[in-house]
Amino acid sequence: MIRRAVLLLLASLLLCAGAGQAQAAGYRYWSFWDRDGDDWVYATQGPSTARPSDGDVQGFRFAVSEDSGDAARPRGQADFKTICAKTPSQDGKKRVALLLDFGTTTDAPPGETPPAPRTACAQVSPDATTAEALAAVAKPLRYDTNALLCAISGYPEKGCGEQVSKKQPTTAEKKDTAEDSPSLGLVAGIAVVVALGGAAIWQVRRRA
């Protein structure tokens, strides 16, 4: 009886873990980032209001993410001197280095293939926003009625921040080498159940 109860509890725990993974939802969109030293920091303003300074590095990444904490960072080299090496400084202008990461085929909308990541050096007026810098080097851009950035350089052709199937893992989840395994908390819980169950069975046998 005790052994059967332990096995039933283990099965319930595994089923709950599977259900939790299946319920993870995400949204397909362009995220916007600021470069801070060697790290990417999720931007606190939208590209239409952010006003980068001369020498700043900013990035965009297209991916499926649950929220800003889950969002995938831009990939590739993000050094201002490298990106803007062929764009000499000019009086009355500022230079903004941009890294455009179009994401992976897994994150792409059905029927579309993401272009390769690329960099660009936008030379714009000193008061230009990030959106204006982006428009200078990565047209066509597409926005929705709420001014949400939907496409860079025409990618993707359709859609804007749509929710993806709950069965589709997010980019951050795919990076997790243990995505197909139970969580550490679950494993620990199972270990405790097994230990308690084994001890209970041993006690029963001892009394018998």
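Keep in mind it's a predicted model, so treat the numbers as computed, not measured.

Caption draft 1: Representation of the state of the cysteines within the structure. Under the defined criterion, the tally for this structure stands at two disulfides. The disulfide bridge from Cys84 ends at Cys121, spanning 2.1 Å between sulfur atoms. Residues Cys84 and Cys121 share a disulfide whose torsion about the S-S bond is about 100°; that sign makes it right-handed. Highlighted residues: Cys84 in the loop between helix H2 (80-83) and strand E4 (94-101) and Cys121 in strand E5 (residues 118-124), separated in sequence by 37 residues. Here Cys84 matches Cys121 in class, with each residue buried. Numbered by position along the chain, the disulfide-linked cysteines of the protein connect as 1-2, 3-4.

Caption draft 2: Focus on the sheet that holds strand E1 (residues 27-36). Pairing in this open sheet of five strands is mixed, and the strands run E2-E1-E3-E4-E5 from one edge to the other. Each having just a single partner strand, strand E2 (39-42) and E5 make up the two edges of the open sheet. Pairs of neighbouring strands in the sheet enclose a mean axial angle of 30°, with direction left out of account. Packing against the sheet, helix H3 (residues 130-137) makes contact with E1, strand E3 (57-65), E4 and E5, and its axis sits at approximately 115° to E5.

Caption draft 3: Quick peek at the pattern of salt bridges. Under the definition given, this model contains three salt bridges. Across the salt bridge formed by Arg61 and Asp101, the nearest N and O atoms sit 3.6 Å from each other. Note that Arg61 is positioned in strand E3 and Asp101 in strand E4, a separation of 40 residues in sequence. A single burial state applies to Arg61 and to Asp101, both of which are buried. Members of the salt-bridge network, linked through shared partners, are Arg61, Arg75 and Asp101.

Caption draft 4: Region of interest: the side chain of Glu112. The residue Glu112 is located in the loop between E4 and E5 in this model. Here Glu112 is buried and forms no salt bridge, its nearest opposite-charge partner Arg142 lying at an N-O distance of 6.4 Å. In this view, Glu112 contacts Tyr155, Pro156, Glu157 and Lys158; residues no more than four positions away in its chain are not counted.

Caption draft 5: Structural detail: H3. Among the residues of H3, Thr130, Ala131, Ala133 and Leu134 are the ones counted as buried. For H3, the arc enclosing every buried residue in end-on projection is 160°, short of the 170-degree limit, so these residues lie on one face. Tucked into the core, H3 has its buried residues touching E1, E3, E4, E5, strand E6 (142-143) and strand E7 (149-151).

Caption draft 6: Highlighting unusual backbone geometry. A cis amide bond links Lys139 to the next residue, Pro140, at an omega of 0°. Secondary-structure assignment places Pro140 in the loop between H3 and E6. For the bond running from Tyr155 to Pro156, omega is -5°, close enough to zero to count as cis. One non-glycine residue, Ala147, lies in positive phi territory at about 70°. Structurally, Ala147 is set in the loop between E6 and E7. Its relative accessible area of 48% is what places Ala147 among the partly exposed residues. Phi is positive for Ser153, close to 55°, though the residue is something other than glycine.

Caption draft 7: Spotlight on the environment of Pro47. In this structure, Pro47 sits in the loop between E2 and E3. When the C-alpha atoms of Pro47 and Ala131 are compared, they prove to be 4.9 Å apart, with 84 residues separating the residues in sequence. Among residues more than four places away in sequence, those in contact with Pro47 are Phe32, Phe60, Thr129, Thr130 and Ala131.

Caption draft 8: Quick peek at the side chain of Lys94. In this fold, Lys94 is placed in strand E4. Within polar-contact distance, the side chain of Lys94 engages the backbone oxygen of Pro52 at 2.5 Å. Here the side chain of Lys94 touches Ala128 through a polar contact of 2.8 Å, landing on its backbone oxygen. The residues touching Lys94, leaving out its near neighbours within four places in the chain, are Arg51, Pro52, Ser53, Asp54, Ala122, Gln123, Val124, Ser125, Pro126, Asp127 and Ala128.

Reading the values: the criteria
- Residues numbered from 1 in each chain as written.
- Predicted model: local features only at pLDDT ≥ 70, side-chain atom pairs only at ≥ 80, totals over all residues.
- Heavy atoms only, no water.
- Disulfide = S-S within 2.5 Å.
- Helix = DSSP H or I, 4+ residues; strand = E, 2+ residues; numbered from the N terminus.
- Buried < 20%, exposed > 50% of the residue type's maximum accessible area, 1.4 Å probe, protein only.
- Pairing = 2+ DSSP bridges.
- Axes fitted to C-alpha atoms, helices over the stretch in contact; angles between N-to-C directions.
- Contact = heavy atoms within 4.5 Å.
- Salt bridge = Lys/Arg side-chain N within 4 Å of Asp/Glu carboxyl O.
- Lys, Arg positive; Asp, Glu negative; His and termini not counted.
- Arc of directions from axis to C-beta.
- Polar contact = N/O pair within 3.5 Å; in protein donor to acceptor, adjacent residues only side chain to side chain.

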